[in-house]
Amino acid sequence: MLNITSGCQLLLASAVLATMLLPTSTSAGQAVTIATWNFNNLHSVVGEPLRSRAPTREHSDYAVLRHYVERLAADVIALQEVNGPKAGRRVFPAARYDLYFSGREKWDRATGRDSDRIYIGFAVRQGVFDSVNVRDYRALGVEHAQSRTVRWGLDLTVTKNGKTLRLLAVHLKSGCFTYRLDEPRGQACQTLSKQLAPLEEWIDARARENVPFAVLGDFNRALDVHGNRDHLWASIDDGEPGGLDLWRLPFRTESLCWKDTIHHHRHPIDFIVFDQ
């Protein structure tokens, strides 16, 4: 079971929130609140943009973001567009949340590789789970242009009272929000189409394990435009393995982020996807 709310946070940072019930011997189950939050180029340096056209944030802006962390009150938050642990700590207090980031962040810093400097991660509330394990899902980091690989996925496994939940944080290739993926044109669509297979493989593996799971993050795909006929959605929600029946949230809900402004985008691109 999932309950969902979504909203838009300050400075073009958007979040989607849901509550999952892990199966137990009782009908009530165990509630785990999960969320996905794109922070729009969250930098650790006050008053300095992370990169070109990124917002500049002051101390008051970080304070507002911390306020929204409290309002979310989520047990697990998938993070996108955060410049690593130092930036994450601007928003998530060390006394309450553990932070886990994609190994691509350390790899970029160690190798000096030219990158967009934005990374995915998880913030996990302390004291909620009996165990937390995280590992990179590098298969999503397919080659884009000039032999540059795109963002990896981050695979989180948490246990609570003997029950397991698997979560995959994603930030898929941008720039192909509604165009064809079966015969992709342009580098962005060609790259996103290459991410479909590893994304489907992760979902299918979890379905075969019969373990509760969700894929959450920035899909960079306006799935509601074409609905179930969207090439990305049709690829992952194909009924295989037998019995797999995916759902996504939000579903056919207009985004409220920056409504009635030039920044408004009607169709959301951030989702939580799970097996019904």
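The structure this text deals with has already been given above.
Residues numbered from 1 in each chain as written. Predicted model: local features only at pLDDT ≥ 70, side-chain atom pairs only at ≥ 80, totals over all residues. Heavy atoms only, no water.

**Describing empty space enclosed by the protein**
Empty pockets left among the atoms are what a rolling probe the size of a water molecule brings to light.
Stage number 1. One pass over the full model with this rule turns up one cavity of 30 Å³ or more.
Stage number 2. In this structure, the largest cavity is lined by Ser-102, Arg-104, Ile-118, Tyr-119, Ile-120, Arg-151 and Trp-152.
Stage number 3. The residue makeup of the lining of the largest cavity, split by class, is four nonpolar, one polar and two charged. (1 Å grid on protein atoms, 1.4 Å probe; cavity = no way out; pocket = protein on both sides within 12 Å on 5 of 7 lines; lining within 4 Å. Points joined across faces, edges and corners; volume = space filled by probe spheres on them. Nonpolar A, V, L, I, M, F, W, Y, C, P; charged D, E, K, R; others polar.)

**Regarding the sheet that holds strand β7 (residues 131–137)**
Stage number 1. What the six strands build is an open sheet, ordered β7-β8-β9-β10-β12-β11; its pairing is mixed. The two strands at the open ends of the sheet, each matched to only one other strand, are β7 and β11 (246–249). Strand-to-strand twist in this sheet, taken as the mean axis angle between neighbours without regard to direction, amounts to 20°.
Stage number 2. One ladder, built from seven bridges, connects strand β8 (residues 153–160) with strand β9 (residues 163–171); its direction is antiparallel. Bridge pairing links Leu-154 to Ala-169 in β9. (Pairing = 2+ DSSP bridges. Helix = DSSP H or I, 4+ residues; strand = E, 2+ residues; numbered from the N terminus. Axes fitted to C-alpha atoms, helices over the stretch in contact; angles between N-to-C directions.)

**Notes on the environment of Leu-192**
Stage number 1. Within the fold, Leu-192 resides in helix α4 (residues 187–209).
Stage number 2. On the basis of relative accessible area, Leu-192 is assigned to the buried category, the value being 0%.
Stage number 3. Leu-192 sits 16 residues away from Cys-176 along the chain, and the two C-alpha atoms are 7.3 Å apart.
Stage number 4. Not counting residues within four places of it along the chain, the set of residues in contact with Leu-192 comprises Leu-172, Lys-173, Cys-176, Leu-181, Arg-221 and Leu-232. (Buried < 20%, exposed > 50% of the residue type's maximum accessible area, 1.4 Å probe, protein only. Contact = heavy atoms within 4.5 Å.)

**Re the state of the cysteines**
Stage number 1. Under the criterion given, the structure shown has one disulfide.
Stage number 2. With a sulfur-sulfur separation of 2.0 Å, Cys-176 is cross-linked through a disulfide to Cys-189. Taking the torsion about the sulfur-sulfur bond, which here is approximately 100°, the covalent link between Cys-176 and Cys-189 counts as right-handed. Linking Cys-176 in the loop between β9 and α4 with Cys-189 in helix α4, this pair joins segments that are 13 residues apart in sequence. Cys-189 matches Cys-176 in its accessibility class, with the two residues each being buried. (Disulfide = S-S within 2.5 Å.)

**Some remarks on the packing of aromatic side chains**
Stage number 1. Per the counting criterion, the structure on display carries seven aromatic pairs.
Stage number 2. Where Trp-37 meets Phe-92, the ring centres are 6.5 Å apart and the plane angle is 75°; that geometry is what we call edge-to-face. Separated by 55 residues along the polypeptide, Trp-37 in strand β3 (residues 30–42) and Phe-92 in the loop between α2 (85–89) and β5 (97–101) bring together distant segments of the chain. An identical accessibility class is assigned to Trp-37 and Phe-92; each is buried.
Stage number 3. Where Trp-202 meets Phe-213, the ring centres are 6.1 Å apart and the plane angle is 80°; that geometry is what we call edge-to-face. Taken together, the positions of Trp-202 in helix α4 and Phe-213 in strand β10 (residues 213–218) put the pair eleven residues apart, joining distant regions of the chain.
Stage number 4. Members of the aromatic cluster, connected to one another through ring pairs, are Trp-37, Phe-39, Phe-92 and Tyr-97.
Stage number 5. Directly above the aromatic system of Trp-202 lies the positively charged group of Arg-206, at a separation of 4.9 Å from the ring centroid.
Stage number 6. Taking NZ or CZ as reference, Arg-248 lies 4.7 Å from the ring centre of Trp-233, over its face. (Phe/Tyr/Trp six-rings, centres within 6.5 Å; stacked < 30°, edge-to-face > 60°. Lys NZ or Arg CZ within 6 Å of the ring centre and 35° of its normal.)

**Observations concerning the pattern of salt bridges**
Stage number 1. Scanning all chains against the criterion turns up nine salt bridges.
Stage number 2. Residue Glu-209 pairs with Arg-166 through a salt bridge whose shortest N-O separation is 3.6 Å. Of the two residues, Glu-209 is situated in helix α4 and Arg-166 in strand β9; the sequence distance between them amounts to 43 residues.
Stage number 3. On the accessibility criterion, Arg-166 (7% relative accessible area) is buried.
Stage number 4. Close ionic contact of Glu-209 with Arg-206 constitutes a salt bridge, the shortest N to O distance being 2.9 Å. Pair noted here: Glu-209 and Arg-206 are both in helix α4, with a separation of three residues, about one helical turn.
Stage number 5. Overall, Glu-209 belongs to the partly exposed group, its relative accessible area being 39%.
Stage number 6. Through salt bridges with shared partners, one network takes in Arg-135, Asp-155, Arg-166, Arg-206 and Glu-209. (Salt bridge = Lys/Arg side-chain N within 4 Å of Asp/Glu carboxyl O.)

**What to know about the pairing of β3**
Stage number 1. With respect to burial, β3 is a largely interior element, twelve of its 13 residues being buried.
Stage number 2. Bridging between β3 and strand β4 (residues 76–82) involves six bridges; their strand directions are parallel. Bridged to Thr-36 within β4 is Ala-78.
Stage number 3. Since β3 and β4 lie parallel, the crossover through helix α1 (residues 59–72) that links them has a hand, and here it is right-handed. (Right-handed = clockwise from strand over helix to strand, strands pointing away.)

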